[in-house]
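Chain by chain, the residues run as shown.
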Amino acid sequence: MPVLAAYPVVVDFTSNTSSGTASSLTLTKTASAGAGDVLLLIVGNDDSSNIAQWSNFTDASGDDWTLVNEAGNSSADCHSATYYRVADGGEAATVDVPAQSLDDYWGFYVEVSGANTSTPIDAVGSDVNVSSGTSISFIDFLGTELTTTADETLAFYVHCFDGGDGFPFNESGEGWVEGADIQTSTSGTQASGSWGTKQVASAGLVGVVAIAQSAGDSDGYSGFQFSIAPDPTPPPAEAEVTRTMHLFEGVSIKLYEGTFFIQQQG
Amino acid sequence: MKKNLLVIGICLILGGGGYVYYSLLHESRISTLEALSRTAPDGFSEYRNDRYHISLFHANGAAVEEHQEGYGAMTITVENTAKVRGYQIFVVPYGETTITEERFLADIPSGVRTDVQQESIDGIEAVSFYSQDLELGDTFEFWFIRGGYLYEVTTLKGLEPWFRERLATWKFI
């Protein structure tokens, strides 16, 4: 019998940016989000203060969002955070995510399925703040590496960069896959960031990952890691979407003496 | 004097370790940057899909179409109807580490699977086999799992040699 794995899966995500002075960012719910999904709001800005930018909030439709963690300070010159919510299926099409300061602001609305809906957050790592004055062109979590507590978790890294010129970002680390990166604009005075995931088979250290920026210079980084716990009683794996053959759709292929020919249909 | 030598030795070890660590990251970053800035050969263009981490080269005469399948799945077709060459990439979120019989039968109801071979693509384990599609007839299939997605790449069986040349340009980004 094939081995059934219970890893949570990122099904879909949307993103948005606000270039300028924004203390709220509108994120759009993914098309397939439904009851039982774990919804994440991954956000970042280029605030250069020590003021915490995000805290638990209730959106306009009355749904509560819980802060997983926030990293960032006046040394890194940027902040990043993640919220979560277990979807009941009635979430509004958009959610406005409030921040404390007026900054360049980016964010993602991430839909995760196959997560533990009772206690979705398995573990949260330490904040990593890389000073904007340091000549380092990457952020890593060496020494602050996340330790998961459950098997088959989906670990995340989230980070911001002080400037839009860090985009695109390149992750390196065994098993880590970048989910997406984003910039509010290309300017070095703006903001950017990225997130990525890794399927972690057994409870323990998640493994080293480093995220390098593409700008020639160095600047502030801030980020953290966390993990999503798997559904303890996953349903049998069954395809929700099965394959449709679109190749040569609408035409008929004929093979004659080793060569393919097309016959138009209809 | 011995103490000074010991301090110098420790500094050299720490410095060397730091250099090795930074070099590894630097090399990794360079390889990733190369993947980000791929230059297609003459007569070819790059198809990139950041969401599904796909970069590949296709002939300029080929048409590329993306079909949203819902639930985070997508089908990408690369085809040149004039030359009757093409393939499709079906990508679907997948939380398992192996391709189950249920998944196989869900996507290939014919159940036909012959000459199964272990393969690889850009460092990832893959499996290939011949199958049959109701519309296309005999097919060549190339499947693999990466980053929570199952990739099913399909072409006509008779196009396998040509298709393998195209598949060799695939890079995960």
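Residues numbered from 1 in each chain as written. Chains lettered and ligands numbered in written order. Predicted model: local features only at pLDDT ≥ 70, side-chain atom pairs only at ≥ 80, totals over all residues.

1. Comments concerning the interface of chain A and chain B
And step 1. Each partner contributes residues to the interface: chain A has 38 residues there, and chain B has 45 residues.
And step 2. Of all the secondary-structure elements, those providing two or more residues to the side of chain A that touches chain B are β1 (9-28), β11 (170-172), β12 (177-183), β14 (210-212), β16 (251-256) and β17 (259-264) of chain A.
And step 3. A total of 4 residues in the side of chain A that touches chain B trace back to one element, the largest contributor, which is β1 of chain A.
And step 4. Among the residues forming the side of chain A that touches chain B, the class breakdown is 26 nonpolar, 8 polar and 4 charged. (Contact = placed C-beta atoms within 7 Å. Helix = DSSP H or I, 4+ residues; strand = E, 2+ residues; numbered from the N terminus. Nonpolar A, V, L, I, M, F, W, Y, C, P; charged D, E, K, R; others polar.)

2. Brief notes about the sheet that holds strand β4 (residues 73-80) of chain B
Where strands meet in a sheet, backbone hydrogen bonds hold them as pairs that are either parallel or antiparallel.
All names here are of chain B.
And step 1. Judged by pairing direction, the sheet is antiparallel, and its 7 strands sit side by side in the order β3-β4-β5-β9-β8-β7-β6 without closing on themselves. Looking at which strands have only one partner, the edges of the open sheet turn out to be β3 (63-70) and β6 (114-121). Strand after strand, the sheet turns through a mean of 20 degrees between neighbouring axes, direction not considered.
And step 2. Pairing of β6 with strand β7 (residues 124-133), which is carried by 6 bridges, proceeds in the antiparallel orientation. (Pairing = 2+ DSSP bridges. Axes fitted to C-alpha atoms, helices over the stretch in contact; angles between N-to-C directions.)

3. Section: the nonpolar core
And step 1. Counting residues in hydrophobic clusters, the biggest one holds 65 residues, and the most contacted among them are Leu-40, Leu-41, Ile-42, Val-110, Val-112 and Ile-211 of chain A.
And step 2. Counting residues per element, this core draws most heavily on strand β6 (residues 94-113) of chain A, which supplies 9 residues. (Core = buried A, V, L, I, M, F, W, Y, C linked by C-beta atoms within 7 Å. Buried ≥ 20, exposed ≤ 12 C-beta atoms within 10 Å, placed from the backbone.)

4. A word on the pairing of strand β2 (residues 54-59) of chain B
Residues and elements named next belong to chain B.
And step 1. In terms of strand pairing, strand β1 (residues 44-49) meets β2 through 6 bridges, oriented antiparallel. From the neighbouring strand, Asn-49 faces β2, where its bridge partner is Ile-54.
And step 2. Judged from the 2 bridges that link them, β2 and strand β10 (residues 171-172) form a sheet pairing that is antiparallel. Of the residues in β10, the one forming a bridge with Ile-54 is Phe-172.

5. Points about unusual backbone geometry
Backbone phi values are negative for most residues with the exception of glycine, while trans is the configuration of most peptide bonds.
And step 1. Between Phe-167 of chain A and Pro-168 of chain A the backbone carries a cis peptide bond, its omega angle lying at -5 degrees.
And step 2. In this structure, Pro-168 of chain A sits in the loop between β10 (153-161) and β11.
And step 3. Even without glycine at this site, Phe-248 of chain A takes up a positive phi of about 50 degrees.
And step 4. Looking at where Phe-248 of chain A falls in the secondary structure, it is placed in the loop between β15 (221-228) and β16.
And step 5. Taking the C-beta count within 10 Å as the criterion, Phe-248 of chain A has 20 such neighbours and is therefore assigned buried.
And step 6. In the Ramachandran plot, Val-84 of chain B falls in the positive-phi region, its phi being about 50 degrees despite a non-glycine side chain.
And step 7. By the element assignment, Val-84 of chain B lies in the loop between β4 and β5 (85-93).

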